[in-house]
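# Remarks on the overall topology
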Amino acid sequence: MERLIHILLGVALVYGVYALGMKNWDYVSEAKRQELETCLREKGLSSKYYFIAAWQLFLMNLLCGGLFVFYWSYKQWQAVRAGYKSTRSPAPKGSPFLRSLFTFVTFYQFNSILNRTCLYMHKRPSLPAVFWGTVLWAGAAAALIPALPAFWRILGGILFVLAPCVLQRHINRLPKHLPPVRLKAAELFLLPVSWLIWTGGYALVRMLIQP
């Protein structure tokens, strides 16, 4: 319990520094705004994103055992690549499907693109990509390590499904009017597919470890 309190205090401290720092952004000077926007356009941002309610994303990730995050990553990269804008570099290489397979790596870049888009539109960005990207894979790793106590595995799983939801909240604040976010039949179909994948994986592991 003491370790958990220290972790929570650390997260609260990071968020506090972030929140206070964002209040100091200077949007008063037109010259500074133009300079910032030019820099953001050079590094790259996107005019398109995949929209889903953050609570729906969290619930679907829980029900799918975390596998829904790969579908979410696929839809986000599909939208980002279609709406990518940069004065210095082309759209990120690699198909949305390939990028979704390597979500634990591409999540960092997606977070950075989203943060630049938020700043360009004068919206508050999320914490730096290194923070949420690390939370994503570290949470997944903790959830899948059998040697860890149940509490830490559960906490890791929650952090894993929470990271995409935090970014989705920032995405949903970008437009003036949020597009319809009802779950589609294809998305709901991922529920039984995920259960079959986890069942098959569990059966395979049992088969391999049996003498």
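Preceding this paragraph is the structure being described.
These numbers were taken from a predicted model, which means no experiment stands behind them. (Residues numbered from 1 in each chain as written. Predicted model: local features only at pLDDT ≥ 70, side-chain atom pairs only at ≥ 80, totals over all residues. Heavy atoms only, no water.)

In terms of nonpolar packing, the biggest core is built from 32 residues, with Tyr49, Phe68, Trp72, Phe110 and Trp132 touching the most fellow members. Elements with a minimum of two residues in this core: helix 3 (54–63), helix 4 (68–82), helix 6 (103–120), helix 7 (129–144) and helix 8 (150–172). Ranked by residue count, the leading element in this core is helix 8, at 7 residues. If sequence neighbours within four positions are ignored, Phe110 has contacts with Tyr49, Trp72, Gln76, Trp77, Val80, Leu167 and Ile171. (Core = buried A, V, L, I, M, F, W, Y, C linked by side-chain atoms within 4.5 Å. Buried < 20%, exposed > 50% of the residue type's maximum accessible area, 1.4 Å probe, protein only. Helix = DSSP H or I, 4+ residues; strand = E, 2+ residues; numbered from the N terminus. Contact = heavy atoms within 4.5 Å.)

Turning our attention to helix 3. For helix 3, the set of buried residues is Ala54, Gln56, Leu57, Met60 and Asn61. Seen end-on, helix 3 carries its buried residues on one side only, within an arc spanning 160 degrees. Looking at the buried residues of helix 3, the elements they touch are helix 4, helix 8 and helix 9 (185–209). Looking one or two places after helix 3, you find Gly65, whose phi comes out positive at around 65 degrees. (Arc of directions from axis to C-beta.)

Counting through the fold element by element, Gly156 comes out in helix 8. A residue is classified by how much of its surface remains accessible, and Gly156, at 3% relative accessible area, is buried. Here the alpha-carbon distance between Gly156 and Leu136, two residues 20 residues apart in the chain, equals 8.8 Å. Setting aside anything within four residues of it in sequence, one finds Gly156 in contact with Gly139, Ala140, Ala142 and Ala143.

Let us look at the environment of Leu167. Structurally, Leu167 is set in helix 8. The spatial distance from the C-alpha of Leu167 to the C-alpha of Phe110 is 9.5 Å, given a sequence separation of 57 residues.

The subject of this paragraph is the side chain of Asn172. Tracing the backbone shows Asn172 in helix 8. By relative accessible area, which is 15% here, Asn172 ends up buried. Filtering out sequence-adjacent residues up to four positions away, Asn172 remains in contact with Phe51, Ile52, Ala53, Ala54 and Leu178.

Taken as a whole and assessed by the stated rule, the structure comprises 10 aromatic pairs. Ring geometry for Tyr50 against Tyr71: centres 6.3 Å apart, planes inclined by 90 degrees, an arrangement best described as edge-to-face. On the criterion of sequence distance, the pair formed by Tyr50 in the loop between strand 1 (45–46) and helix 3 and Tyr71 in helix 4 is long-range, its members being 21 residues apart. Plain terms: the ring middles of Phe131 and Trp132 are 4.9 Å apart, the flat faces sit at 85 degrees to each other, and that makes the pair edge-to-face. The buried category is assigned to Trp132, whose relative accessible area is 11%. (Phe/Tyr/Trp six-rings, centres within 6.5 Å; stacked < 30°, edge-to-face > 60°.)

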